[in-house]
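Breakdown of the fold
Residues per chain, in single letters:
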Amino acid sequence: MPRIIKSGLIQMSLPMTEGQGSIEEIKEAMVQKHIPLIEEAGRQGVQILCLQEIFNTPYFCPGQDKAWYASAEAVPGPTTERMAEYAKKYSMVIIVPVYEREAAGFLYNTAAVIDADGTYLGKYRKNHIPHTSGFWEKFFFKPGNLGYPVFQTKYAKVGVYICYDRHFPDGARVLGLNGAEIVYNPSATVAGLSQYLWKLEQPAHAAANGYFMGCINRVGEEKPWNLGKFYGSSYFVDPRGQIFAQASEEKDELLVAEFDLDMIEEVRSTWQFFRDRRPETYEKLVEL
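Here goes a summary of the coordinates provided. (Residues numbered from 1 in each chain as written. Predicted model: local features only at pLDDT ≥ 70, side-chain atom pairs only at ≥ 80, totals over all residues. Heavy atoms only, no water.)

**Considerations on the pattern of salt bridges**
- Applying the stated criterion across every chain, the model contains 19 salt bridges.
- Note that Lys229 and Glu249 form a salt bridge whose closest N and O atoms lie 3.8 Å from each other. Of this pair, Lys229 sits in the loop between β12 (219-220) and β13 (230-231) while Glu249 sits in the loop between β15 (243-246) and β16 (253-260), placing them 20 residues apart in sequence.
- On the accessibility criterion, Lys229 (28% relative accessible area) is partly exposed.
- What emerges from the salt-bridge pattern is a single network uniting Glu100, Glu102, Lys123 and Arg125. (Salt bridge = Lys/Arg side-chain N within 4 Å of Asp/Glu carboxyl O. Helix = DSSP H or I, 4+ residues; strand = E, 2+ residues; numbered from the N terminus. Buried < 20%, exposed > 50% of the residue type's maximum accessible area, 1.4 Å probe, protein only.)

Now the structure itself:
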């Protein structure tokens, strides 16, 4: 029997920003704006849903205001528990990217994975942290320390990469080696050079490793930071590197697509991505 998966991605603009309410009010407004689309995904029978990078806040990294430290929370914690209710209600795996506080001074850019019965399966912490051209992320996040985990959900083996990670092929390969069938990349990226790379790097990862990817980017402009336009264009790409479903550049949107995981077997039977590897030829380079 074909292994047909129905997956969804939500791209969202900011309903309330700094100066329009408290941090908690801003977070709640963003969650409330997401809920109708989360429920629509459930009604459509989406089996795996992924939200955008730190989905419940503005993308505050263009500034360096430590007040936003207060928006970080435990994982698992209040937001993951809240999303677990929707996961259980709709028998839907949900990937929930949030700002994580492990302890005082230990803050991470994190994505939690919640299984279709509401069970918290674990989390991925963003490993590659930029600090350039308005992306002052080292002010807010420690580098991830959990490696590249793959989560066995009810429907598929799922891995997570986050935004800037996509510029690095190493982790994308490790996710494939660890058994990922679908890799989700929640992001917050603005127009410019990034927009060209958006449709280049992730299809390359999918083709080089023989798995599906779901790639999410927020939309709109966010004041007072005014970093630029978040251009949406969330998409799904198959193991051949072909984009087969894509959202708009400007609209809040739930993108839903169906695909057959058996394509992975077909592609990997043609291109032996893992059998023909020669890691011994570049071991010393990896040590540099």
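Still more to cover.
**Description of the sheet that holds strand β10 (residues 182-187)**
- Taken together, the six strands give an open sheet; going across it, the order is β8-β9-β10-β11-β14-β15, and neighbouring strands pair in mixed fashion. Whereas interior strands pair on both sides, the edge strands pair on one side only; in this sheet they are β8 (150-152) and β15. Between one strand and the next, the sheet's axes are offset by a mean angle of 20°, whatever the strand orientation.
- Where β8 lies against strand β9 (residues 157-160), three bridges are found, and the strand directions are antiparallel. (Pairing = 2+ DSSP bridges. Axes fitted to C-alpha atoms, helices over the stretch in contact; angles between N-to-C directions.)

**Remarks on the nonpolar core**
- By size, the foremost hydrophobic cluster in this structure holds 46 residues, and its most contacted members are Ile5, Ile48, Ile95, Ile182, Tyr184, Phe236 and Leu261.
- A total of four residues in this core trace back to one element, the largest contributor, which is strand β11 (residues 212-217).
- Counting residues in hydrophobic clusters, the runner-up holds 25 residues, among them Met30, Tyr86, Ala87 and Ile94. (Core = buried A, V, L, I, M, F, W, Y, C linked by side-chain atoms within 4.5 Å.)

**Brief notes about helix α6 (residues 262-270)**
- What α6 keeps buried is the set Met263, Ile264 and Val267. The buried residues of α6 all sit within an arc of 105° when viewed along its axis, so they share a single face.
- Looking at the buried residues of α6, the elements they touch are β11 and β16. (Arc of directions from axis to C-beta. Contact = heavy atoms within 4.5 Å.)

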